[in-house]
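Residue-level listing of the chains:
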Amino acid sequence: MPNLAPTANTPGLHVSKPFPSEPATASAVCHCGATATAKGDAQVSALIAGWNANHGTAHGK
């Protein structure tokens, strides 16, 4: 399986939760240069909400 983690060359958001009993993890890299990581379901949810509101396709609005 390829490495799906975002980089400056391939920006995006990656979320992983291999097993229901394990905490989720996430990493994000935006084309504007912003980066973030999170561990734990609540923190990952917050990262996703921030990404959707401020990065990714939000820059096009």
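These numbers come from a predicted model, not from an experiment. Here the residue index of a chain counts from 1 through its sequence in written order. Totals for whole chains, interfaces and linings use all residues, but because this is a predicted model, local features are given only for residues with pLDDT of at least 70 and pairs of side-chain atoms are given and counted only at 80 or more. Excluded from the side-chain calculation are hydrogens and water; included are all heavy atoms of the structure.

**Details of the overall build of the protein chain**
Of regular secondary structure, the protein chain possesses 1 helix and 3 strands. In terms of overall dimensions, the protein chain has a C-alpha envelope of 35 × 25 × 15 Å along the principal axes. Should any heavy atoms of two residues lie within 4.5 Å, those residues are considered in contact. Pairs at least 24 apart in sequence give 17% of the contacts found in the protein chain among residues at least 6 apart. A total of about 4200 Å² of accessible surface is found on the protein chain, and carbon and sulfur atoms cover 57% of it. Segments assigned H or I by DSSP are reported as helices when at least four residues long, segments assigned E as strands when at least two residues long, and all are numbered from the N terminus. The Shrake-Rupley method, run with a 1.4 Å probe, gives the accessible areas here. Residue values count only the displayed protein chains as cover.

**With respect to the nonpolar core**
Nonpolar core, defined: a set of buried Ala, Val, Leu, Ile, Met, Phe, Trp, Tyr and Cys residues in which side-chain atoms within 4.5 Å join the residues together. Type-normalised accessible area, obtained with a 1.4 Å probe on protein chains alone, sets the label of each residue: buried when under 20%, exposed when over 50%, and partly exposed for intermediate values. Among the nonpolar cores identified, the biggest contains 8 residues, and these are A24, A26, A28, C30, A38, V44, L47 and W51. Of all the elements in the fold, those that place two or more residues in this core are β2 (25-29) and α1 (41-54). Here this core gets 3 residues from one element, more than from any other, and that element is α1. Those residues within four positions of A24 in sequence are excluded, and the remaining contacts are S16, K17, A38, K39, G40, D41 and V44.

**Considering the state of the cysteines**
Any two cysteine sulfur atoms within 2.5 Å of one another count as a disulfide. A complete count under the given rule lists 0 disulfides for this structure. Unpaired in this structure, C30 has its nearest cysteine sulfur neighbour in C32, at a distance of 3.6 Å. By relative accessible area, which is 4% here, C30 ends up buried.

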